[in-house]
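So the chains spell out like this:
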Amino acid sequence: MATPKRIQSVFHICKNAVDNGCRGVVFSAFGGVTDDLIQAAKEASSGSESYLKLLGDIQNRHIEAVRELISVPNQSNTIGQVKIMLNDLEDVLQGIQLIKELTPRTLDFIMSFGERLSNFIISRYFQDCGLACDYLDTRNLVVTNYTFGNASWDKAETAKRIKNHFETNNKLQIITGFIGSTPDGITTTLGRGGSDFTASIFASALNTDELQIWTDVSGVMTADPRKVRKAFPVEQITYDEAQELSHFGAKVIYPPTMQPAMQSNIPIRIKNTFDPDAPGTLITHQPESSGLPIKGISSISHVALIQVQGSGMVGVVGIAQRIFGSLAKGDVNTIMISQGSSEHSVCFAVAPEQSLYAKKLLEEEFELEQAAGKISEITVDDQMCVVAVVGERMKMTPGIAGKIFQSLGRNGINISAIAQGSSELNISIVINRENEQKALIAIHDAFFLSGLKSMNLFFIGAGLIGGTLLRILDEQREKLARDLKVDLRLVGICNSRKMLFDLNGIEPNSWKQSLEERGGEMSLDAYIEQVITLNLPNSIVVDCTSSETVADQYTSILGKSISIVTPNKKACSGTLDEYRLLLDTAKRKNALFLYETNVGAGLPIIKTLEDMYHTGDEIDSIQGVLSGTLSYLFNEFDGSVPFSELVKSAREQGYTEPDPRDDLNGMDVARKLLILARESGFPIEFDQIDMDLFLPKEYFTDESVDSFLKRLSELDGHFDALYKKAESEGKKLRFIASADHKNARIALEQVDASHPCYNLQSTDNIILIKSRCYNNRPMVVSGPGAGPEVTASGVLADIIKAARS
């Protein structure tokens, strides 16, 4: 009830409810007023007059609400009554200032003004709108004990008074929430969730058909929508499920609120004042089955995990009693407990602000055992959180725990403690709090998205390959979601100038405009840091550059359990130790490092080698044409067009790198051969490759690309002679790479018609694999090995592979 405008919209909700038999509506104080009242009381108790400003703000807010809500002829009487209450409040605050003392009893009385003022104004507004209703001060009906700030109600006496009141009052009752009174009429408050609790008390006393709690969300959600964007309302849940979710952080309903209604078997419906037509969530003893094994995921964002362990605990009776007895004496609440069957250790979660005090209590309790070495040092980790998965259908349903742990493990989230009661209603896990959102999203995706797995893509490089990949991704997204249950979301993208992140997703068909209009200045370190900081589940960095600087970041990316898909050869063609470190890091951190397009664009060359190696086949040698660029040049070169002109044409068509020397210097082929050799089990370094190049070294200087292309024409005669010599012998020119257990070599060779490389066309690559199983006739993989379309398609295939792993 934050503003008069909201109150006006709520009137229509209440009017419809009355038409359907509603007898009473419980309202809280106007939004923020209770906090203001508490603050005013504290400032008054300090002896300062600063409370007067807060009092003035409270007065103005309520008077303005009357003026905005109620017609002019009816305003004066309402304002008069409101001022009488505000005068009473002022008198109490003045008394507190004079004696400089604020007791819990007095604070309860002060807090009661929030509900009393709001409900009185709302009742007058409803009357002004023609709805017959009465203002009901619940201090006359709800009888409590003397525990000020969190009073307990007298069920029998309260129910008696409520029934008597409703028997003699037929109009709609506008009921003050949160407050009650002792048998001798002293004002009390019911504590956290007090207004909902009041409604539950009235529903129970009157045995109503249903209790509706109207809030700002459309029911109990499958997860906190602020942390899980795809969370949605649950249609029906049990009381137990609702209480479990509430205990572990779901804020829609406070557990004690449900007790009176639950004891009377009264269904509770959670509704949204901002979306009154939404069905909301029905909480009941026997909800209709949703078919889902779990109902929701909740979390406590910050806890401390305390561990007590030692050999002196095994088989000793009373250890648990001493642990939790000492904590209870110190008024330390235990959130969750986990103990292994070995009895060697017990760990439990507490609020972080109580963790050091809890450790001190335990050290005092086990002082002798620690001195004797029977119990180790008691450890505290105060950077943890609890994630709870709740659902009654988990009972006797195999695989639920496995699915939870798999979704976490796949995203590199380590579990520090696990707890599950014998009721199997709740599986609770303790993890590092930096992984809270990541865990919630991962588990939510696993259980609630009908098998649809969301992948968060972070693109580095949006040039020819990256741009083509984004176009294909846009074309294939619906099909992938429909057929493979894979949702590919572009969350981050950068080029050499700008970078952009959007957790709601960047549309692949408008990434250029989005990056240009909303992107910030590009910094590779800042981009990678943000990818890591976002810590989203199922994250993939897609590197579409050929940058060594980007490749140098791979180890740190994989070290954060973020997968990498890339056509960039620089990482895998570094030193052998660096190559092995990449693979080892990916394996240890449960991340995927996929680089099929490092060699052969979209051809399944690396996959074939991996499959042969893992199935026990021993590879003896590999040979082939590994450069689509050089394949195109020597397939097309027939002497009719000078070689230098052919290179220019290939560059214009995108078959070469922007600087053709990156292809003509043999480095690209050497890197590919190095990668394939290592995938074949040949542990070689780059400098072990014998490179017999077809261009003199002096052509690979720092001169510009245009200067190089002009200078290349000097060799046209040389290449023409090579071609004619090969043709005269019935042979063709092919730039061939080969490796075995002893040697690795790249060179321009002449091959005859019997050689598998003889009949290559356009940008075809070919790889010949000889092994123990393929000895007489080699395994042959052949096809287009260059071009943006086939390369981008190969990268997308690796992304899909990652998504389906």
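Shown above is the structure to which this text applies.
To keep things clear, this report deals only with the structure shown in the data block. (Residues numbered from 1 in each chain as written. Predicted model: local features only at pLDDT ≥ 70, side-chain atom pairs only at ≥ 80, totals over all residues. Heavy atoms only, no water.)

**Regarding the packing of aromatic side chains**
This is how the line gets drawn: Only rings of Phe, Tyr and Trp enter the pairing, Trp through its six-membered ring, and a pair is recorded when the two centres are within 6.5 Å. The plane angle decides the type: under 30 degrees is stacked, over 60 is edge-to-face, the rest tilted. Runs of H or I in DSSP of at least four residues are treated as helices and runs of E of at least two as strands, each being numbered from the N terminus. Remark: exposure states derive from per-residue accessible area (1.4 Å probe, protein chains only) relative to the maximum for the residue type, with buried under 20%, exposed over 50%, and partly exposed in between. Both a distance and an angle decide whether a charge sits over a ring: NZ of Lys or CZ of Arg must be within 6 Å of the ring centre and within 35 degrees of the ring normal.
Counting across every chain of the model gives 21 aromatic pairs. Both rings, one in Phe 120 and one in Tyr 135, keep their centres 5.7 Å apart while their planes meet at 85°; by these two values the pair is edge-to-face. Here the residue Phe 120 occupies a position in helix H5 (residues 104–128), and Tyr 135 occupies one in strand S2 (residues 133–136), the gap between them amounting to 15 residues. Measuring from centroid to centroid gives 5.8 Å for Tyr 554 and Phe 593, while their planes differ by 70°, and the two rings are edge-to-face. A residue pair is termed long-range when its members are at least 10 positions apart, and Tyr 554 in helix H19 (residues 554–558) and Phe 593 in strand S22 (residues 593–594) qualify at 39 residues. Across the pair, exposure class does not vary: Tyr 554 and Phe 593 are buried alike. Chaining the aromatic ring pairs together yields one cluster made of Phe 634, Phe 637, Phe 643, Phe 694, Phe 719, Tyr 723 and Phe 735. Arg 6 extends its terminal NZ or CZ atom over the ring of Phe 274, reaching a point 4.0 Å from the ring centre. Residue placement shows Lys 403 over the ring face of Phe 447; its charged tip is 4.9 Å from the ring centre.

**Remarks on the sheet that holds strand S10 (residues 296–309)**
Filter applied, for reference: By this definition, two strands are paired if DSSP reports at least two bridges between them. The axes used here are C-alpha line fits, helices contributing only the stretch in contact, and every angle between their N-to-C directions lies in the interval 0 to 180 degrees.
Strand order in this open sheet of six strands is S11-S12-S10-S13-S15-S14, and the pairing throughout is antiparallel. Edge positions in the sheet fall to strand S11 (334–339) and strand S14 (415–420), since each has one partner strand and no second. Averaged over all adjacent pairs, the angle separating strand axes in this sheet is 30°, with direction ignored. In this structure, S11 lies alongside strand S12 (residues 345–350), joined through five bridges in antiparallel fashion.

**Observations regarding the environment of Ser 181**
Formally: Any N or O atom pair separated by 3.5 Å or less is treated as a polar contact, with the protein-specific requirement of one donor-capable and one acceptor-capable atom, and with residues adjacent in sequence counted only for side-chain atom pairs.
If you trace the backbone, Ser 181 turns up in strand S4 (residues 179–181). Classification of Ser 181 by relative accessible area gives buried; the value is 3%. Placed 51 residues apart in sequence, Ser 181 and Phe 232 show a C-alpha to C-alpha distance of 39 Å. Within polar-contact distance, the side chain of Ser 181 engages the backbone oxygen of Arg 139 at 2.6 Å.

**Brief notes about the side chain of Ser 771**
To keep things clear, this is the line we draw: Here, two residues are considered to be in contact whenever any of their heavy atoms come within 4.5 Å of each other.
Within the secondary structure, Ser 771 is located in strand S27 (residues 764–771). Within the local environment of Ser 771, its side chain forms a polar contact with the backbone nitrogen of Tyr 774, the two atoms lying 3.0 Å apart. The residues touching Ser 771, leaving out its near neighbours within four places in the chain, are Met 612, Asp 617, Glu 618, Ile 619 and Asp 620.

**Some words on the sheet that holds S2**
The strand order S1-S3-S2 describes an open sheet built from three strands, whose pairing is parallel. Since the sheet does not close on itself, it has two edges, and those belong to strand S1 (24–27) and S2, each with one partner. On average, each strand axis in the sheet is inclined to that of its neighbour by 25°, with strand direction left out of account. Two elements, S1 and strand S3 (residues 172–176), share four bridges in a ladder whose sense is parallel. Across the sheet, Val 26 pairs through a bridge with Ile 175, a residue of S3. Contacting S1, S2 and S3, H5 runs over the sheet at an angle of about 160° to S3.

**Regarding the pairing of S3**
Most of S3 is tucked away, with five of its five residues classed as buried. A two-sided burial pattern is seen for S3, the buried positions comprising Leu 172, Ile 174 and Thr 176 on one face and Gln 173 and Ile 175 on the other. As paired elements, S2 and S3 share four bridges and run parallel to each other. The residue of S3 that forms the bridge with Cys 133 is Leu 172.

**Regarding the environment of Gly 492**
In this fold, Gly 492 is placed in strand S17 (residues 486–494). Taking the C-alpha atoms as reference points, Gly 492 and Phe 458, 34 residues apart in sequence, are found 4.4 Å from one another. Apart from the residues lying within four places of it in its own chain, the contact partners of Gly 492 are Leu 457, Phe 458, Phe 459, Leu 500, Phe 501, Ile 506 and Tyr 527.

**Things to note about the pattern of salt bridges**
Pairing between side chains of opposite charge can happen when the charged atoms of each approach one another. For the record, the criterion: What makes a salt bridge here is a side-chain nitrogen of Lys or Arg within 4 Å of a carboxyl oxygen of Asp or Glu, nothing more.
Inspection of every chain in the model, using the stated rule, returns 36 salt bridges. One salt bridge connects Arg 139 with Asp 137, and the closest N-O pair in it is separated by 2.8 Å. Shared partners join several salt bridges into a network, and the residues in it are Asp 690, Asp 692, Arg 745 and Glu 749.

**Let's talk about the environment of Ser 45**
By the secondary structure assignment, Ser 45 is in helix H2 (residues 33–45). The residues contacting Ser 45, other than those within four sequence positions of it, are Ile 96, Lys 100, Glu 101 and Leu 102. Here the side chain of Ser 45 touches Lys 42 through a polar contact of 2.7 Å, landing on its backbone oxygen.

**Focus on unusual backbone geometry**
For Phe 178, which is not glycine, the phi dihedral falls at a positive 80°. Position of Phe 178 relative to the elements: it lies in the loop between S3 and S4. Phi at Ser 561 takes a positive value of approximately 60°, unusual for a residue other than glycine. Structurally, Ser 561 can be placed in the loop between H19 and strand S21 (563–565).

**So, the nonpolar core**
Worth spelling out the cut-off: The nonpolar core is taken to be a set of buried Ala, Val, Leu, Ile, Met, Phe, Trp, Tyr and Cys residues, with the residues joined through side-chain atoms within 4.5 Å.
In this structure, Phe 593 and Ile 622 are the most contacted members of the largest nonpolar core, which totals 101 residues. Contacts of Ile 622, omitting those with residues within four sequence positions, involve Leu 609, Leu 673, Leu 676, Ala 677, Ser 680, Phe 682, Ala 737, Ser 738, Ala 739, Ile 767, Leu 768 and Ile 769. The next biggest cluster of nonpolar side chains, apart from the first, holds 42 residues, and it includes Leu 37, Ala 41, Ala 65 and Leu 131.

**As for the packing of helix H10 (residues 319–329) against helix H11 (residues 355–365)**
Inclusion rule: What sets the label is the angle itself: under 35 degrees gives roughly parallel, over 145 gives roughly antiparallel, 65 to 115 gives roughly perpendicular, and the rest give oblique. By the definition used in this description, the sense in which the near helix is turned from the far one sets the handedness, with an anticlockwise turn below a right angle giving left-handed and a clockwise turn giving right-handed. Gly is put with the polar residues, along with every residue not named as nonpolar or charged; the nonpolar set is Ala, Val, Leu, Ile, Met, Phe, Trp, Tyr, Cys and Pro, and the charged set is Asp, Glu, Lys and Arg.
Relative orientation of the contacting elements H10 and H11 amounts to 130°, with a least axis distance of 9 Å. Relative to H11, the element H10 is oriented oblique. Helix-helix and strand crossings are classified by hand; for H10 and H11 the assignment is right-handed. For the pair H10 and H11, contact is made by Arg 322, Ile 323, Ser 326 and Leu 327 and by Ala 358, Leu 361, Leu 362 and Glu 365, respectively. The residue makeup of the contact of H10 with H11, split by class, is five nonpolar, one polar and two charged.

**Digging into a negative patch on the surface**
Threshold: Each patch groups residues whose relative accessible area exceeds 30% and which form no salt bridge, using 9 Å between like charges and 5 Å between nonpolar side chains of Val, Leu, Ile, Met, Phe, Trp and Tyr. Using a 1.4 Å probe, the Shrake-Rupley method yields the accessible areas, and only the shown protein chains count as cover for residues. Positive charges are assigned to Lys and Arg, negative charges to Asp and Glu, while His and the chain termini are left out of the count. By convention, the point assigned to a charge is CZ for Arg, NZ for Lys, CD for Glu and CG for Asp.
Together, Glu 548, Asp 552, Asp 577 and Glu 578 give the surface a local cluster of negative charge. With respect to the secondary-structure elements, Asp 577 resides in helix H20 (residues 576–588).

Coordinates in, geometry out; function isn't part of it.
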